[in-house]
Amino acid sequence: MSTDPGVWIAAFLTMCILSFLYRDNPFYRFAEHLFIGVSAAYWAVYYYYNILQPNLIDPMFVQGQLLLIIPLALGVMMLTRLFPKVGWMSRWPLAFIVGTYAGYNLIIYLQSDALDQVTATLVSLVQVEAWQTLFQHPSFVNFLYAIGVPVVIMGVITGIIYFFFSKEHKGVFGGLAKIGIWFLMVAFGASFGYTVMARISLLIGRVYFLLHNWLQLI
Amino acid sequence: MKKEVPLIITFVAGMIMIVQYFVPHWPFSNLQQMFNNWFLIITVFALILGILNLLKNHIEKVSRRRKGWLYSIVLMTGFMIMGVAGFVWGPAEGRPFDWIYWHAHVPMSSTMFALLAFFVASASYRAFRARTAEATLLLVSAILVMMSRVPLGSYMWSQLPLIGDWIMSYPNMAGQRAIMIGIALGVVSTSLRIILGIERTYLSGK
């Protein structure tokens, strides 16, 4: 067994949280509340040293950039939300955050998530290298890779058709929307499988910590 | 004053962020950098607001001896210890803050996420009861991706990892792209509505 008190604390907290698998209990609730408290303080310290100090405190009080009094005032106004009588003042900083974020995202999303995705989708239908590999080594897998690009184009177009709700999903349009659902289901399944694997690997990491670092059995 | 000023602030901030993309030089490039900096500072205050609200609720719970008040003391103790460690000794490596981070924060956060593996397993049992063609597709795709990522999959069929990669690279990407394009168009229209003051729910619906 480990003699490091830090490892013992980590093992105790790990066991407390895993005890939830049996049912909700005081050990789990203790760890849950401790986690919230520690996390809140962690992020407060993190943001102070990484954002507030280099972007506000040092430039304003050391370098004398007095214009920063505006975000400081807006930040303090944000805290007025805690006091109902003057809570309306928090709308000003909120409006700034919402406006900046909306303007920034409008451009970013339009560029990277709409236009760039359309450009990346509309490539040559025939991937010469993939077809050459198929003819040299005919197999089911090589066939799948050869038809990959048409599959993507069809999937994107039918997927978008499914999301178009201004026209009733009937006839040819409905058929295409149905194909779109199939592609979306494959995508959801793949994402789900990927997420499960990520969670399982985290669980393996915790079990390995208990058996290796704490109990030193493996 | 309570309604008009926030709408003007939203419009000006939003328009400057849009215009700087098309006019990437003075004065808009400077304004964009300045607004980005201000944005970061104000979001930290939003975080402080959240923390103050959390503490206020738990102090209230303790003072009124409401059910579970002892856990509130645990929460505040954890907050105080981590906060003092960070603000007094700093966050550098080897300091108390770093020690608590590695021996309390990291184990608890990774175990919390690991715990989800079990709930995902029970959710998958419900989701994977293949009652329709769509559910069957979801089931087959998830199983193929999972099996392609473990040694057992390639032991059963050497081509399985390639099939898993193909699903991720082609049909999955097609579905994800359709969703991304849909979301992007939604973001563009919602952002425009917000900047132009048509969408005002963020001002408490008034």
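Our subject is the structure listed above.
What counts as what
- Residues numbered from 1 in each chain as written.
- Chains lettered and ligands numbered in written order.
- Predicted model: local features only at pLDDT ≥ 70, side-chain atom pairs only at ≥ 80, totals over all residues.
- Heavy atoms only, no water.
- Core = buried A, V, L, I, M, F, W, Y, C linked by side-chain atoms within 4.5 Å.
- Buried < 20%, exposed > 50% of the residue type's maximum accessible area, 1.4 Å probe, protein only.
- Helix = DSSP H or I, 4+ residues; strand = E, 2+ residues; numbered from the N terminus.
- Contact = heavy atoms within 4.5 Å.
- 1 Å grid on protein atoms, 1.4 Å probe; cavity = no way out; pocket = protein on both sides within 12 Å on 5 of 7 lines; lining within 4 Å.
- Points joined across faces, edges and corners; volume = space filled by probe spheres on them.
- Nonpolar A, V, L, I, M, F, W, Y, C, P; charged D, E, K, R; others polar.
- Salt bridge = Lys/Arg side-chain N within 4 Å of Asp/Glu carboxyl O.

Draft legend 1. A look at the nonpolar core. Counting 35 residues, the largest nonpolar core has I17 of chain A together with M82 and M108 of chain B as the members making the most contacts within it. Elements represented by at least two residues in this core include exactly α1 (5-18), α2 (26-62) and α8 (171-214) of chain A together with α2 (28-63), α3 (69-89) and α4 (96-127) of chain B. Looking at which element gives the most residues to this core, the answer is α2 of chain A, with 10 residues. Residue contacts for M108 of chain B: discarding those within four places in its chain leaves L13, I17, A31, L34 and F35 of chain A.

Draft legend 2. Quick look at the layout of surface pockets. Space inside the largest pocket adds up to approximately 170 Å³. What lines the largest pocket is simply L144, V151 and V186 of chain A together with L137, V140, S141, L144, I163, W166, I167 and P171 of chain B. For the lining of the largest pocket, the secondary-structure elements that each account for two or more residues are α5 (133-148) and α7 (160-169) of chain B. Residue composition of the lining of the largest pocket, by class: 10 nonpolar, 1 polar and no charged.

Draft legend 3. Representation of the pattern of salt bridges within the structure. One pass over the structure, following the stated rule, counts 5 salt bridges over all chains. The partner of K170 of chain A in a salt bridge is E168 of chain A, with the nearest N and O atoms 3.6 Å apart. Here K170 of chain A and E168 of chain A have matching classes, each one exposed. For E134 of chain B, the salt bridge is made with K178 of chain A, and the minimal N-O distance between the two is 2.9 Å. In this pair, E134 of chain B is assigned in helix α5 and K178 of chain A in helix α8, connecting two distinct chains. A residue is classified by how much of its surface remains accessible, and K178 of chain A, at 39% relative accessible area, is partly exposed.

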